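Chain by chain, the residues run as shown.
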Amino acid sequence: MSADLYFAVPLLVRDVQPAIHEAIHAKVSAYLNTDAARRDVVPSPEESVTTSYYHPEASVLEDAELDELEALVIGMAKSFLEDTLKLAPRRLEIERAWINIFEPGAQEAQHTHDGSLLSCSYYVEAPENCGCIVFPDPIGARRSYRQFTQTAGPDLLTRSDIAVAVQPGRLVMFESWLPHAVQCNKSDKPRISIAINLRAAPESVAATPVSTEEPEAVSAVSNPAQPAVGDPARSAGKPFLFNELFELRSDIGIDLQPIKEQIPTVVLDNLLKHPDRVREVIGSTPATNWKHEQGGRNFIDYYDCRLRFPIRHPNSLVSVAQQAINKVYGVNTRPSDASVDVNWFMQIDARRADFAVPHSDITEHVRRSFTCILYLNAPDECSGGTAFFRFRPSNSLTFDEGYARAVKDDSRIGETGLDYWPETTGDVWELVGTVDMVPGRLLIFPSEYFHAAHHPVDSFYAFPRLTLAFWMIN
Ligand SMILES: [Fe+2]
Ligand SMILES: [Fe+2]
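Residues numbered from 1 in each chain as written. Chains lettered and ligands numbered in written order. Predicted model: local features only at pLDDT ≥ 70, side-chain atom pairs only at ≥ 80, totals over all residues.

> I'm lost on the overall build of the protein chain in this one. Help?
For the protein chain, the helix and strand inventory stands at 10 helices and 23 strands. Across its three principal directions, the C-alpha atoms of the protein chain cover 85 × 60 × 55 Å. Split into buried and exposed, the 474 residues of the protein chain put 32% on the buried side. (Helix = DSSP H or I, 4+ residues; strand = E, 2+ residues; numbered from the N terminus. Buried ≥ 20, exposed ≤ 12 C-beta atoms within 10 Å, placed from the backbone.)

Encoded structure:
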């Protein structure tokens with residue numbers, strides 16, 4: 001018979017992929033040689049650590065351009081809160097990040113990061129014998145009791161502290177209240193780490209440009225805005241009227257932006273009246289898997305999911321696309337389905353290419369088809385967009401016999417649904433041009449043109465890439 005356990009203390013220890021660590025290491029090494037680092041990384045007045053902690057306006061993540069680390073940390077923090085602590089989802093942001101250099105002989109006394117939500121340490125350099133990060137049992141009464149009764153032991157339940165060994169590329173995350181100390185660096189090389197505090201982001205920050213005049217007002221919002229009464233679309237999980245949530249602006253301009261005079265793409269900007277509200281609702285709706293094939297990479301390397309919304313006529317978004325297609329291409333169209341799809345994509349593992357598997361959206365038994373893509377991410381989340389390609393073997397920008405034959409011969413060329421990232425790139429696909437992702441931008445193009453989601457930087461770890469897609473056919 002054994003007793004039940006209560007009051008567990010969560011601690012997350014993860015090693016990032018070697019390639020990602022190498023990239024971070026190179027950037028931190030370069031940063032340490034800059035004037036900014038010489039100015040900001042200074043010896044602590046109380047401890048033996050050299051740190052940028054005393055320059056609160058400096059952030060090592062921005063100064064060393066550590067976007068991948070920031071995305072990784074936010075992704076892990078989200079999982080820590082939602083999967084481990086079973087708390088409701090919330091947007092997280094970096095409150096503060098600083099670099100710590102422990103020269104041989106340096107150490108740090110016990111402290112907490114009280115005031116933040118989660119904290120973590122990422123180890124950039126960790127030579128052998130550079131010391132562990134030590135977490136004493138936070139239940140003080142139990143620590144005294146173990147000493148008095150001499151019942152400290154090696155088991156997790158009776159340990160008086162836990163020392164986590166550090167190594168390059170390791171990330172250790174904990175709730176900010178948890179006391180910890182850093183052991184003495186007994187190696188002959190420096191131990192370099194990056195400390196990060198996280199907090200819940202005020203809900204309005206993602207979509208509202210932050211005023212430079214009143215930074216205090218923004219950071220002082222500690223209680224996220226409550227949904228307005230009588231405004232169901234502002235709150236997650238509540239019903240919404242499609243045309244109301246996706247209410248369109250009245251002054252929409254159509255811009256035919258042919259890519260290199262070859263691909264007749266059409267762009268309608270600033271389509272949405274409430275892009276922030278759309279992002280909030282779509283981003284808080286659970287998304288189900290899509291293309292989840294046996295032996296595939298979905299839910300291993302990335303989440304490729306879909307949200308499908310039925311459309312009822314009249315639908316203002318469909319009408320605008322219909323008018324634009326008629327005006328630009330001179331074709332009368334109707335929607336191919338009685339629904340629109342949100343493509344919900346998020347990365348788990350490293351990005352393996354600048355774009356997803358190129359493909360055409362051409363379907364049989366249709367005379368003409370037009371792909372319509374509306375970008376839904378917030379301004380600060382946008383990166384990449386949609387890329388267009390030439391299929392080298394047949395020198396074609398559009399679906400043709402040569403492509404169909406090539407896919408028959410080598411299925412890896414086509415989109416099999418097994419992987420989001422292409423196995424074949426340079427020999428087969430030539431990138432012709434791209435359209436940038438902009439919140440509330442509707443991109444329209446004839447479906448026969450080869451295209452793919454464009455991911456030029458490593459993003460979409462901390463939040464999904466959200467695009468709404470529908471097809472108009474003749
Ligand atoms: Fe710390
Ligand atoms: Fe497509």
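> Please clarify how the pairing of strand β17 (residues 339-347) should be interpreted in this entry.
Along any regular strand, the residues point their side chains to alternate faces of the sheet. Relative to β17, strand β15 (residues 302-310) is paired through nine bridges, and the arrangement is antiparallel. Directly across from arginine 306, in β17, lies its bridge partner asparagine 343. Bridge count between β17 and strand β23 (residues 465-473): five bridges; the pairing is antiparallel. Counted as the bridge partner of aspartate 341 is alanine 469 from β23. (Pairing = 2+ DSSP bridges.)

> Got a minute to help me understand the sheet that holds strand β8 (residues 161-164) in this structure?
Hydrogen bonding along the main chain pairs the strands of a sheet, whether they run parallel or antiparallel. Pairing is antiparallel in the open sheet, where four strands are placed in the order β5-β10-β7-β8. Sheet topology places β5 (108-111) and β8 at the edges, where each strand pairs with a single neighbour. Here the average twist between neighbouring strands, direction ignored, is 15°. As defined by bridge partners, β5 adjoins strand β10 (residues 180-182) across two bridges and the pair is classed as antiparallel. Bridging across to β10, histidine 111 finds its partner in histidine 180. (Axes fitted to C-alpha atoms, helices over the stretch in contact; angles between N-to-C directions.)

> Mind showing me how you'd approach the domain arrangement of the protein chain here?
According to the domain assignment, the protein chain contains domain 1 (11-200) and domain 2 (243-473). Facing 11 residues of domain 1, the contacting portion of domain 2 comprises seven residues. Of all elements in the fold, only α1 (18-32) and α4 (67-84) reach the threshold of two or more residues within the side of domain 1 that touches domain 2. The leading source of residues in the side of domain 1 that touches domain 2 is α4, at seven residues. Residues that form the side of domain 1 that touches domain 2 fall into these classes: six nonpolar, two polar and three charged. (Domains from an automatic or database assignment. Contact = placed C-beta atoms within 7 Å. Nonpolar A, V, L, I, M, F, W, Y, C, P; charged D, E, K, R; others polar.)

> Please explain the nonpolar core as it appears in this structure.
Looking at soluble globular proteins, one finds that nonpolar side chains tend to be buried together. Core analysis: the largest hydrophobic core is formed by 98 residues, its most contacted members being Ala77, Met173 and Ile444. Take this core: its biggest share by element is eight residues, from α4. Residues from two domains meet in this core; each of domain 1 (11-200) and domain 2 (243-473) gives at least three. When neighbours within four sequence positions are excluded, alanine 77 is seen to be in contact with Leu92, Leu118, Met173 and Leu198. (Core = buried A, V, L, I, M, F, W, Y, C linked by C-beta atoms within 7 Å.)

> How should I be thinking about the environment of leucine 241 in this particular structure?
Tracing the backbone through its elements, the reader meets leucine 241 in the loop between α6 (215-219) and α7 (242-245). The exposed category is assigned to leucine 241, around which 11 C-beta atoms lie within 10 Å. Along the primary structure leucine 241 and arginine 312 are separated by 71 residues, whereas in three dimensions their C-alpha atoms are 10.0 Å apart.

> Before we go on, may I ask you to explain unusual backbone geometry in this structure?
Working note: non-glycine residues mostly have negative phi, and peptide bonds are mostly trans. The step from histidine 313 to proline 314 runs through a cis peptide bond, and the omega angle for that step is -5°. Summarising the element assignment, proline 314 is placed in the loop between β15 and α9 (316-329). Although it is not a glycine, phenylalanine 7 sits at a positive phi angle of roughly 60°. The residue phenylalanine 7 is located in the segment before β1 (11-15) in this model.

> Could you clarify how one ought to interpret α1 in this entry?
Helical periodicity: at 3.6 residues per turn, an α-helix aligns residues three or four positions apart in one direction. For α1, with 15 residues, the first-to-last C-alpha span of 21 Å sits near the 21 Å given by 1.5 Å per residue. Within the sequence span of α1, burial applies to His21, Ile24 and Val28. In a view along the axis of α1, the buried residues occupy a sector of 65°, so they form one face of it. Turned more than 90 degrees away from the buried face of α1, the exposed residues are Ala19, Ala26 and Ala30. (Expected span 1.5 Å × (residues − 1). Arc of directions from axis to C-beta.)

> Which parts of the structure should I look at to understand the environment of leucine 418?
Its location among the elements puts leucine 418 in the loop between α10 (401-409) and β20 (429-436). Considered as a pair, leucine 418 and proline 168 are 250 residues apart in the sequence and their alpha carbons are 33 Å apart. Sequence-distant contacts of leucine 418, defined by excluding residues within four places in its chain, comprise Glu293, Gly295, Gly296 and Arg297.

> Which parts of the structure should I look at to understand the sheet that holds strand β9 (residues 170-175)?
Across the sheet, which stays open at both edges, the seven strands sit in the order β1-β9-β6-β11-β4-β3-β2 with antiparallel pairing between neighbours. A single partner strand is all that each edge strand has here, and the edge strands are β1 and β2 (42-43). By the bridge criterion, 10 bridges tie strand β4 (residues 92-102) to strand β11 (residues 191-200) in an arrangement that is antiparallel. In the strand pairing of β11, alanine 97 is matched with isoleucine 196.

> Help me understand the confidence of the model for the protein chain, please; the structure alone is not making it clear to me.
Should pLDDT be low for a region, the predicted coordinates there are not to be read in detail. Residues at a pLDDT of 70 or more form 93% of the protein chain, whose mean pLDDT is 89. Confidence, read as mean pLDDT per element, is least for α6 in the protein chain (32) and greatest for strand β6 (residues 118-125) (98). Here residues 205-235 scores under 50 on pLDDT; set against residues more than four positions off or in separate chains, the count is 34 contacts. (pLDDT = per-residue confidence, 0-100.)

> It is not clear to me how α9 should be interpreted in this structure. Could you clarify?
With 14 residues, α9 extends 20 Å between its outermost C-alpha atoms, agreeing within 8% with the 20 Å of an ideal straight helix rising 1.5 Å per residue. Of all the positions in α9, only Leu317, Ala321, Ala324 and Ile325 are classed as buried. Seen end-on, α9 carries its buried residues on one side only, within an arc spanning 100°. Just beyond α9, the residue with positive phi is glycine 330, at close to 65°.

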